[in-house]
Amino acid sequence: MKTKSLNYYAVFALLAFLFIGASVNSQNLKPIKTEILVEGTSNIHDWEMTSEKAVGTVQSSNGTISKISIEIPVKSLESGKGGMDKNAYKALNEDDYPTIKFNSTEVSTSNIKGHLVINGKSKTVSIPVSTKKSGQSIEISGKHKVNMTHYGVEPPTALMGTIKTGEEVTINFNFQINQ
């Protein structure tokens, strides 16, 4: 089991919600179960953070999703350690940019492309996903690597620079919605 440690990268847990590529009618997303794990590294040990909150909408026509919009509050990212969380919020410039946003430009059951906005910086991302229909719910899952410095987020340090976090994080996610 990995030990939780200092980092701010959990922001990318947001990406997990960007990966909705299944067939539903136009409606607000209604999560049944959300599992997001953001994993990162430091020069001392690995760390992890989770998020379970997002607000989003899915638009579809003829049974195919045409648009996904997501907003995730930065303060929904949690490590279970207050100091680490505060460093993450500061690194993500939460006072000026309290949400991470995503708007899709292309959606399929295996990939979603769109604009991800973190720390006020917008980048086009393409995210591979797996979708599975189970009864009245749709499950979306995947794994995606993100470099935070591409969004102007400086990896935080602690103990006068003794502890340094890595620039890259891996977002593992499993997300289920009702149809």
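Residues numbered from 1 in each chain as written. Predicted model: local features only at pLDDT ≥ 70, side-chain atom pairs only at ≥ 80, totals over all residues. Heavy atoms only, no water.

A.B. asks: Describe the overall build of the chain, naming the residues involved and giving the relevant values.
C.D. replies: A tally of helices and strands in the chain yields two helices and 13 strands. Relative to its 179 residues, the chain shows a buried fraction of 47%. Taking as baseline every contact in the chain between residues at least 6 positions apart, the subset at least 24 positions apart corresponds to 68%. For the chain, the computed accessible surface area is about 8,800 Å², with 46% contributed by carbon and sulfur atoms. (Helix = DSSP H or I, 4+ residues; strand = E, 2+ residues; numbered from the N terminus. Buried < 20%, exposed > 50% of the residue type's maximum accessible area, 1.4 Å probe, protein only. Contact = heavy atoms within 4.5 Å. Areas by Shrake-Rupley, 256 points an atom, 1.4 Å probe, with all protein chains shown as cover.)

A.B. asks: Now, about the pattern of salt bridges: what can you tell me, with residues and values included?
C.D. replies: Under the criterion given, the structure shown has one salt bridge. The shortest N-O distance in the salt bridge between K75 and E94 comes to 4.0 Å. With K75 in the loop between β5 (64-73) and α2 (82-91) and E94 in the loop between α2 and β6 (99-107), this pair connects stretches of sequence that are 19 residues apart. By relative accessible area, which is 14% here, E94 ends up buried. (Salt bridge = Lys/Arg side-chain N within 4 Å of Asp/Glu carboxyl O.)

A.B. asks: Run through α2, naming residues and quoting values.
C.D. replies: Buried within α2 we find M84, D85, A88, Y89 and A91. Seen from one end, α2 has its buried residues packed into an arc of 165°, which puts them on one side. Exposed and oriented more than 90 degrees from the buried face of α2 are K86 and K90. On the buried face of α2, the contacting elements are β3 (47-50). (Arc of directions from axis to C-beta.)

A.B. asks: Go over the confidence of the model for the chain with me, naming the residues and quoting the values.
C.D. replies: Reading fine detail from the predicted coordinates is not recommended where pLDDT is low. Averaged over all residues, the pLDDT of the chain equals 75, while 73% of them reach at least 70. Per-element mean pLDDT across the chain ranges from 41 in helix α1 (residues 13-18) up to 92 in strand β8 (residues 121-128). Considering only residues more than four positions removed or in separate chains, one finds that residues 1-30, a stretch of pLDDT under 50, has 158 contacts. (pLDDT = per-residue confidence, 0-100.)

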